[in-house]
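An overview of the molecular structure
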Protein chains: 2
Amino acid sequence: MKSDLFAAIEAGGTKFNCAVGTGPDDIRASVRIATTTPTDTLHDVMEFLQNASKLGRIAGIGVGSFGPIDLNRQSDTYGYITTTPKEGWKYTDLLSSMGELFHAPVGFDTDVNAAALGEYTWGNGEGCDPLIYITVGTGIGGGVLVNGRPLHGSLHPEIGHLFIPAIQSDAPNPDGICPFHGDCLEGLISGPAIAARWGAPAETFPADHECWGEFSTLMALALSNLILTLSPQRIILGGGVMHQAQLFPMIREEVQRMLNGYVQTNEVLQDIDNYIVPPGLGDQAGMLGAMVLAKQAKGR
Amino acid sequence: MKSDLFAAIEAGGTKFNCAVGTGPDDIRASVRIATTTPTDTLHDVMEFLQNASKLGRIAGIGVGSFGPIDLNRQSDTYGYITTTPKEGWKYTDLLSSMGELFHAPVGFDTDVNAAALGEYTWGNGEGCDPLIYITVGTGIGGGVLVNGRPLHGSLHPEIGHLFIPAIQSDAPNPDGICPFHGDCLEGLISGPAIAARWGAPAETFPADHECWGEFSTLMALALSNLILTLSPQRIILGGGVMHQAQLFPMIREEVQRMLNGYVQTNEVLQDIDNYIVPPGLGDQAGMLGAMVLAKQAKGR
Ligand SMILES: Nc1ncnc2c1ncn2[C@@H]1O[C@H](COP(=O)(O)OP(=O)(O)O)[C@@H](O)[C@H]1O
Ligand SMILES: Nc1ncnc2c1ncn2[C@@H]1O[C@H](COP(=O)(O)OP(=O)(O)O)[C@@H](O)[C@H]1O
Ligand SMILES: [Zn+2]
Ligand SMILES: [Zn+2]
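Residues numbered from 1 in each chain as written. Chains lettered and ligands numbered in written order. Predicted model: local features only at pLDDT ≥ 70, side-chain atom pairs only at ≥ 80, totals over all residues. Heavy atoms only, no water.

Now for the relation of the copies chain B and chain A. In the superposition of chain B on chain A (RMSD 0.0 Å, axial shift 0.0 Å), the rotation amounts to 180°. A rotation of that kind, with that shift, is consistent with a two-fold axis. Looking at the rotation axis and the C-alpha trace of chain B, the residue lying nearest is Pro165 of chain B, at 1.7 Å. The share of interface residues of chain B whose copies in chain A are also at the interface is 100%, consistent with both copies meeting through the same surface. (Least-squares fit on C-alpha atoms with pLDDT ≥ 70 in both. Contact = heavy atoms within 4.5 Å.)

We now examine the site of ligand 2. Residues and elements named next belong to chain B. Taken together, 13 residues surround ligand 2, and among them Thr14, Thr138, Glu203, Gly240 and Gln244 come closest. The separation between an oxygen atom of ligand 2 and a polar side-chain atom of Glu203 is 2.6 Å. Take Gly240: an N or O atom from its main chain is 2.9 Å from an oxygen atom of ligand 2. Isolated, ligand 2 exposes 570 Å² of accessible area, and the fraction of that covered by the protein chains is 69%. Residue composition of the shell around ligand 2, by class: 3 nonpolar, 8 polar and 2 charged. (Near = heavy atom within 4 Å. Polar contact = N/O pair within 3.5 Å; in protein donor to acceptor, adjacent residues only side chain to side chain. Areas by Shrake-Rupley, 256 points an atom, 1.4 Å probe, with all protein chains shown as cover. Nonpolar A, V, L, I, M, F, W, Y, C, P; charged D, E, K, R; others polar.)

Listed per partner, the contact involves 44 residues of chain B and 44 residues of chain A. At the boundary of chain B with chain A, total buried surface from both sides reaches about 3,600 Å², with 62% on carbon and sulfur atoms. Its largest share of buried area at the contact with chain A, chain B owes to Phe163, Thr229 and Tyr262 of chain B, together 22% of the area lost on that side. Where chain B meets chain A, there are 0 salt bridges. Elements that contribute at least two residues to the side of chain B that touches chain A include exactly β9 (140–146), α6 (210–230) and α7 (247–259) of chain B. Counting residues per element, the side of chain B that touches chain A draws most heavily on α6 of chain B, which supplies 7 residues. (Buried area = accessible area lost by both parts, 1.4 Å probe. Salt bridge = Lys/Arg side-chain N within 4 Å of Asp/Glu carboxyl O. Helix = DSSP H or I, 4+ residues; strand = E, 2+ residues; numbered from the N terminus.)

This part is about the coordination of the zinc ion (ligand 4). Residues and elements named next belong to chain B. Around the zinc ion (ligand 4), the protein contributes the donor atoms His161 (ND1), Cys178 (SG), His181 (ND1) and Cys184 (SG), at 2.1 to 2.4 Å from the metal centre. For the zinc ion (ligand 4), the 4 donor atoms in the first shell make angles of 102 to 122° at the metal, so the coordination geometry reads as tetrahedral. For the zinc ion (ligand 4), all donor residues lie on one chain, and their spacing in sequence is H-x16-C-x2-H-x2-C. Of the residues examined, Cys178 reaches a relative accessible area of 8% and is grouped as buried. (Donors = N, O, S within 2.8 Å, 3.2 Å for Na, K, Ca; no water. Tetrahedral: all angles 85-135°; square planar, octahedral: opposite > 155°, others 65-115°. Buried < 20%, exposed > 50% of the residue type's maximum accessible area, 1.4 Å probe, protein only.)

Residue and element names in this part refer to chain A. Within the structure, ligand 1 sits among 13 residues, and Thr14, Thr138, Glu203, Gly240 and Gln244 are positioned closest to it. Gln244 places a polar side-chain atom, nitrogen or oxygen, 2.8 Å from a nitrogen atom of ligand 1. Taking 570 Å² as the accessible area of ligand 1 by itself, protein coverage stands at 69%. Of the residues contributing to the shell around ligand 1, the split by class is 3 nonpolar, 8 polar and 2 charged.

Residue and element names in this part refer to chain A. Taken in spatial order, the 5 strands make up an open sheet running β3-β2-β1-β4-β7, and their pairing is mixed. On the outer flanks of this sheet lie β3 (26–34) and β7 (106–110), each paired with one strand and no other. For this sheet, the mean inter-axis angle between neighbouring strands, taken without regard to orientation, is 15°. Where strand β2 (residues 15–23) and β3 come together, 8 bridges link them in antiparallel fashion. Bridging from a neighbouring strand, Phe16 pairs with Ile33 of β3. The sheet strands contacting helix α9 (residues 285–299) are β1 (4–11), β2, β3, β4 (57–65) and β7, and the helix crosses β1 at an angle near 130°. (Pairing = 2+ DSSP bridges. Axes fitted to C-alpha atoms, helices over the stretch in contact; angles between N-to-C directions.)

So, on to the packing of aromatic side chains. In the structure shown here, the tally under the stated rule is 10 aromatic pairs over all chains. One aromatic cluster is present, formed by Phe16, Phe66 and Trp89 of chain A through successive ring pairs. (Phe/Tyr/Trp six-rings, centres within 6.5 Å; stacked < 30°, edge-to-face > 60°.)

What follows is the structure, encoded as structure tokens:
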């Protein structure tokens, strides 16, 4: 008899990261598909899933997607990517085709809520309540778990667009680039924002370049506000830009300096090295989180 | 036979607001006690409770307190006000004496988490998930309910101290007054901050004074960040300063302007008049929330 498998799809603006298996130590098949047009990309995803379904019964499907997405099950556009600025992807139905083809339940959430779930289940966020996961890449996104469950509310967190206090900047082009808000977090320190404001791709700056000092201050302002609002038990920072490992100690020090002894928690005062951390699952957090969504969908 | 009653204590920096009853329409006794020294104030509270206990059995006690407080039941200082700057109140044990005297279970939370619970149960926050309650008075505090339950995490929210982007200010003394952070929300727009920065008590400025325009912009920045972080289904603004009713439309308009169409929810785009609202329970939200804490303590 074939065993039950779960399909995980991390739908990103650059690539779709897909896998079939049961957990981090049991991935039976995986593929990366470039994000081109919805028709082409979703076609390739379906093809991967159909091939993978020969390995075992697909008992659940999980999709963690870039957003904004519609998470309201009562809505006509449940399971859609909605008002994204990404060319061609406005109001794209991600789920219907997959669920129908495999007669399997489908779990759906933001890519970053999924990544938070992945870290909570198998990575660096075990038992942390609340848990915050932030990715800094092409955009900035944040997922929040309260009591182990993704926070939704009237939409879902959009931490990437937080307003943060302006600081004196030595960047050659100091203005933020968010088309909606200019100087929001994403407008100032996403990968493309660093490139635009400092004049070269983020990965080309040496570890001691002044752009990273500014990055740490701005990120610390955002994290301080998140600590004051959510009182998280841990914050995980992932995504391409956070491969700059020197940023972690810089950000931690700035957070302590800004909060200035007001938040009297062991996490902030004594143990900040275990409070603001990289993902335990590396760049697989989102995909593995989608697998958790698949398992939860089956369990419902 | 005497009926079961619940004791509610809102412990504030100015006054302790105490009542005994079963709900907003059934308050059997109430009193306001000035916040002087812990010994004197708590003595008067105990006296009130002892008298009130002649009206019926006290089946539960609820305390909503100014903070920071220790909410960790495993901690030696559970039930204490901890590092407050308030003279004489550092490390004050609020709960032990009460619970022992009445052999009743005691519920404990921040004054603002309690107020959020009160509004969720009997006021303007029914069914809202998440629900945010913010008071703007001598200080600024915020309570958050997720799934109807107060958010705690490693401490509890401290929304009053959010960092907000500096704006051009015409105040005679533009600098914020928070001893920890200077220009945090409380440092800029609490009652005493308005008085210090604009040169006269907040209640003396006419409704069209420019201080209210600045207030609305700064509050809207904080609320926009809270909307992006928590995706609340409603935000309730209470406290002395929010008696300035003209502030509500001004804040709503600023929030819409700042979010600039990015948060595509009905609440923000169409129905903001029912999204950012005053408390349905007026200045009784905190006390009645403490009564909810008392009832929940009994139910445990
Ligand atoms: N080592 C690195 N240092 C700094 N920035 C990096 C590094 N690697 C990738 N980036 C930046 O991260 C962004 C891509 O983020 P990534 O998380 O890999 O993908 P995406 O956000 O598209 O899923 C690009 O803007 C790139 O410049
Ligand atoms: N009508 C009003 N307009 C503006 N400010 C007010 C008004 N009433 C009270 N305040 C201010 O609110 C603060 C007191 O807040 P309040 O919520 O009543 O008490 P507390 O925060 O001490 O519990 C004072 O700083 C006072 O100046
Ligand atoms: Zn933005
Ligand atoms: Zn402050």
